[in-house]
Amino acid sequence: MPDAIRLYELELGGALKPAGPHGPAHRRGRVLVRLHGAPLGTVDVDLDGGEPTTEAVTDQARRELRAAIDAHLVADGLAPGDELLPSSRARCELERKDFEARAPFASVVIATRERPESLATMLDDLRALRYPRFEVIVVDNAPVTDGTREVAERYSDLLDLHYVREPIPGLAIAHNRGLAAARGEIIAFTDDDVVVDPLWLLELCRGFDHSDTVGCVTGLIFPSELETTAQVWLEDWVGVNKGYEQKVFDLNGNHPGGWLFPYAAGAFGSGANMAFRADTIHALGGFDPATGTGTRARGGDDLAAFYTVVEAGHTLVYRPGAIVRHAYRRDLESLHRQMYDYGAGLGAYLTKVVVDRPRRALDIAWRVPFAVAHAIRLRPSRRRGDGPAAVSGLARRERLGMLVGPYGYVIERHRRRNLRVSATRRR
């Protein structure tokens, strides 16, 4: 079984800081290295000799991430080797300050269900955001207690916070309820169990400055802890991290190529860290209520939204500077269930694509062998080579989910349609 990994963060030129639990049972650490606030990559450190020093980790990072450091410096108008100079001279920091002065009003939507303690921690993080004007929409999804409402009321004097209740369970439905309540020009979505970086919303919204065609921006997801086997496996073998370089996706040549674009929507980002231009997501109809956690589809709401944005001719930007730290599942049973849900969500999303426009079936059909190979292949760690044999069980769970997801989506879609018909008749 893999050892627990202690997490740190290092801003080059600053001090090494802990970024997760710090118990005694860690033999190695992982450091997220940043320069002028931008994440450049990670370095792994040996903890057998005790706590690493800032100087030692800085030297290691300057060796292992030299190319990324120099590329950032050149983009900032600085010379290679100047990474320890004050960030006030960096072009990226000047651009942040310029954007702050004209930043649009933004909405942050958090859909939650019976996790008041986690929500309170999340709201504390939002209070520390470096962003001039934003509101928070807390969507209480199918509540059975008053815990979420009580937390929202407690924070209503500390944030521009609005509490709304959505009685029908389902993440996509809850997000649509948040969309209806949001007033922002940009609407960001995240989960109630993440830690948001102080630059998160600023960097996410800056992504829309790339061009007027940008309809969606996603950001980097990093673990909030790697204390258990399940968490280490998810990080090292499944790979929710989309990388440390900005990526642009559209139908005009800005894409990774290959046979799966634009259907491999998982490459675009994740639902725990995404934002949309309000007029774009409203024009596209919001999120499909037959998808997402809390439905028989079990997921796929974010994938469907990303695909719809790109397929409609808009641009999607992945911006790694918009960082959230996510709480991964701690036990192996939950991880296997999560992989099943991943597969089901993928199958549901692809089914939606075909149901919405049946002519896409032929376009997808000839790509199926490539899609299956992509979906069931757990990405091998760049640190360790091939994964442990037990990880193959995760691939089987994902594969099973892919087979069940289409049925779940069709049943859920039919059920939602009947609900709408019943509601219309009652009126």
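All values reported here derive from a predicted model rather than from experimental measurement. The residue count restarts for each chain, going from 1 along the sequence in the order it is written. Two thresholds apply to this predicted model, a pLDDT of at least 70 for residue-level local features and 80 or more for giving and counting side-chain atom pairs, whereas whole-chain, interface and lining totals are computed over all residues. Values shown for side chains rest on all heavy atoms present in the structure; no hydrogens or waters enter the calculation.

Trainee: So what about the overall build of the protein? Which residues, and what values?
Mentor: We count a stretch as a helix when DSSP gives it H or I for four or more residues in a row; a strand needs E for two or more, and each element gets its number in order from the N terminus. Counting secondary structure elements, the protein contains 14 helices and 13 strands. In terms of its C-alpha atoms, the protein occupies a principal-axis envelope of roughly 70 × 50 × 45 Å. We call two residues in contact when some of their heavy atoms are within 4.5 Å. Within the protein, contacts between residues separated by at least 24 positions form 75% of all contacts whose residues are at least 6 apart in sequence. Carbon and sulfur atoms provide 53% of the accessible area of the protein, an area that totals close to 18,700 Å². We score Asp and Glu as negative and Lys and Arg as positive, and we do not count His or the chain ends. In plain terms, the charge of a residue is placed at NZ if it is Lys, CZ if Arg, CG if Asp and CD if Glu. Taken as two groups, the 56 positive and 57 negative side-chain charges of the protein have centres that lie 6 Å from each other. For accessible areas, the Shrake-Rupley method is used with a probe of radius 1.4 Å. Any residue's cover is judged against the shown protein chains and nothing else.

Trainee: Just give me the short version of the side chain of E166, but keep the residues and values in it.
Mentor: As for its position among the elements, E166 is in strand β7 (residues 161–166). Burial classes: relative accessible area under 20% of the type maximum marks a residue as buried, over 50% as exposed, and values in between as partly exposed (1.4 Å probe, protein chains only). Within this document, salt bridges are pairs made up of a side-chain nitrogen of Lys or Arg and a carboxyl oxygen of Asp or Glu, the two lying within 4 Å of each other. Buried and unpaired, E166 has no salt bridge, with R177 as the nearest side chain of opposite charge at 4.5 Å. The contact partners of E166, leaving out residues within four places of it in the chain, are V139, D140, N141, A142, P143, I173, A174 and R177.

Trainee: So, the pairing of strand β3 (residues 28–35): which residues are in play, and what are the values?
Mentor: A regular strand places its side chains on the two faces of the sheet in alternate fashion. β3 sits mainly inside the fold: eight of its eight residues count as buried. The alternating pattern of β3 places R28, R30, L32 and R34 and G29, V31, V33 and L35 on opposite faces, both of which are buried. Judged from the eight bridges that link them, β3 and strand β4 (residues 38–46) form a sheet pairing that is antiparallel. Paired with R34 across the bridge in β4 is P39. Counting the residues that bridge the hairpin from β3 to β4 gives two residues, and of these H36 lies at a positive phi of roughly 55 degrees. Between any two strands, at least two bridges found by DSSP are needed for them to pair.

Trainee: I'd like to hear about the nonpolar core, residue by residue, with values.
Mentor: We call a set of buried Ala, Val, Leu, Ile, Met, Phe, Trp, Tyr and Cys residues a nonpolar core when their side-chain atoms join them within 4.5 Å. Counting 96 residues, the largest nonpolar core has L123, L126, W200, L201 and F276 as its most contacted members. If near-sequence neighbours (up to four positions away) are discounted, L123 is found in contact with I110, V136, V138, V151, Y155, L159 and L161. Of all hydrophobic cores here, the second largest spans 17 residues; its members include L10, V31, V33 and L78.

Trainee: Describe the packing of helix α10 (residues 301–311) against helix α11 (residues 332–356), listing the residues and the values that go with them.
Mentor: The axes are straight lines fitted to the C-alpha atoms, using for helices just the contacting stretch, and the angles between their N-to-C directions are given from 0 to 180°. Put simply, α10 and α11 touch, their axes get as near as 8 Å, and they point 40 degrees apart. Note on packing geometry: the crossing formed by α10 with α11 is right-handed. In contact with L303, A304 and Y307 of α10, α11 contributes L346, Y349, K352 and V353. Counted by class, the contact of α10 with α11 contains six nonpolar, no polar and one charged residues. Left-handed is the label given to a crossing in which the near helix is rotated counterclockwise from the far helix by less than a right angle, and right-handed is the label when the rotation is clockwise. Any residue that is not Ala, Val, Leu, Ile, Met, Phe, Trp, Tyr, Cys, Pro, Asp, Glu, Lys or Arg is counted as polar, Gly included; the first ten are nonpolar and the last four charged.

Trainee: Got a sec to walk through the environment of L226? Specific residues and values, please.
Mentor: In this fold, L226 is placed in the loop between β10 (214–223) and α8 (229–238). Measuring from C-alpha to C-alpha, the distance between L226 and H26 comes to 10 Å, with 200 residues separating the pair along the chain. Beyond its immediate stretch of four places on either side in the chain, L226 contacts A4, I5, L7, R30, Q231, V232, E235 and Y328.

Trainee: Help me get a handle on the confidence of the model for the protein, residues and values and all.
Mentor: Confidence in the prediction for the protein averages 90 pLDDT; 92% of positions are at 70 or higher. pLDDT measures how confident the predictor is about each residue, on a scale from 0 to 100. Confidence drops under a pLDDT of 50 for residues 378–386, and excluding neighbours within four residues, the segment shows 28 contacts in the predicted structure. Note on residues 420–427: pLDDT is under 50 here. Beyond four places in sequence and across chains, it has one contact.

Trainee: Any chance you could break down the packing of aromatic side chains for me, citing the residues and the numbers?
Mentor: Note on aromatic contacts: the rings of Phe and Tyr and the six-membered ring of Trp form a pair at centre separations within 6.5 Å, being stacked when their planes are under 30 degrees apart, edge-to-face when over 60 apart, and tilted otherwise. Counted under the stated rule, the structure contains eight aromatic pairs. Centroid distance F189 to F276: 6.1 Å. Interplanar angle 75 degrees. Geometry classified as edge-to-face. Residue F189 is found in strand β8 (residues 186–190), and its partner F276 is found in strand β12 (residues 273–277); the two are separated by 87 residues along the sequence. Comparing F189 with F276, the two get one shared label, buried.

Trainee: I'd love a proper account of the sheet that holds β4, names of residues and values included.
Mentor: Spatially, the four strands line up as an open sheet ordered β2-β1-β3-β4, and their pairing is mixed. With partners counted over all chains shown, the strands left at the sheet margins are β2 (16–18) and β4, one partner each. Neighbour-to-neighbour, the strand axes of this sheet turn through a mean angle of 30 degrees, independent of strand direction. Relative to β2, strand β1 (residues 5–11) runs antiparallel, the two sharing three bridges. The partner of Y8 across the bridge, within β2, is P18.

Trainee: Could you give me a rundown of the state of the cysteines, with the residues and numbers involved?
Mentor: A pair of cysteine sulfur atoms is labelled a disulfide when the two atoms are within 2.5 Å. Throughout the structure, instances matching the rule amount to zero disulfides. C205 provides the cysteine sulfur closest to C216, a residue in no disulfide bond, and the two sulfurs are 12 Å apart.

Trainee: How would you summarise the environment of A25 if you had to cite specific residues and measurements?
Mentor: Mapping A25 onto the fold places it in the loop between β2 and β3. On a C-alpha basis, the gap between A25 and E227 in space is 9.2 Å, while along the polypeptide they are 202 residues apart.

Trainee: Tell me about the pairing of β1, residues and numbers included.
Mentor: Burial within β1 is extensive, with five of its seven residues counted as buried. Relative to β3, β1 is paired through seven bridges, and the arrangement is parallel. When the bridges of β3 are listed, I5 appears paired with R28.

Trainee: I'd like a rundown of α10, residues and numbers included.
Mentor: Within α10, nine of the 11 residues are buried, leaving the element largely enclosed by the surrounding structure. Of all the positions in α10, only D301, D302, L303, A304, A305, F306, Y307, V309 and V310 are classed as buried. Just past α10, the residue G313 takes up positive phi, approximately 100 degrees.

Trainee: Requested: an account of the environment of Y163, with residues and values cited.
Mentor: Its location among the elements puts Y163 in strand β7. On the accessibility criterion, Y163 (28% relative accessible area) is partly exposed. On a C-alpha basis, the gap between Y163 and E150 in space is 9.8 Å, while along the polypeptide they are 13 residues apart. Each residue touching Y163, except ones within four places of it in the same chain, is listed here: V138, D140, T148, R149 and A152. Each polar contact in these results corresponds to two N or O atoms within 3.5 Å; when the atoms are within protein, one needs to be able to donate a hydrogen and the other to accept it, and residues that are neighboring in sequence are counted only if both atoms are side-chain atoms. Here the side chain of Y163 touches D140 through a polar contact of 2.6 Å, side chain to side chain.

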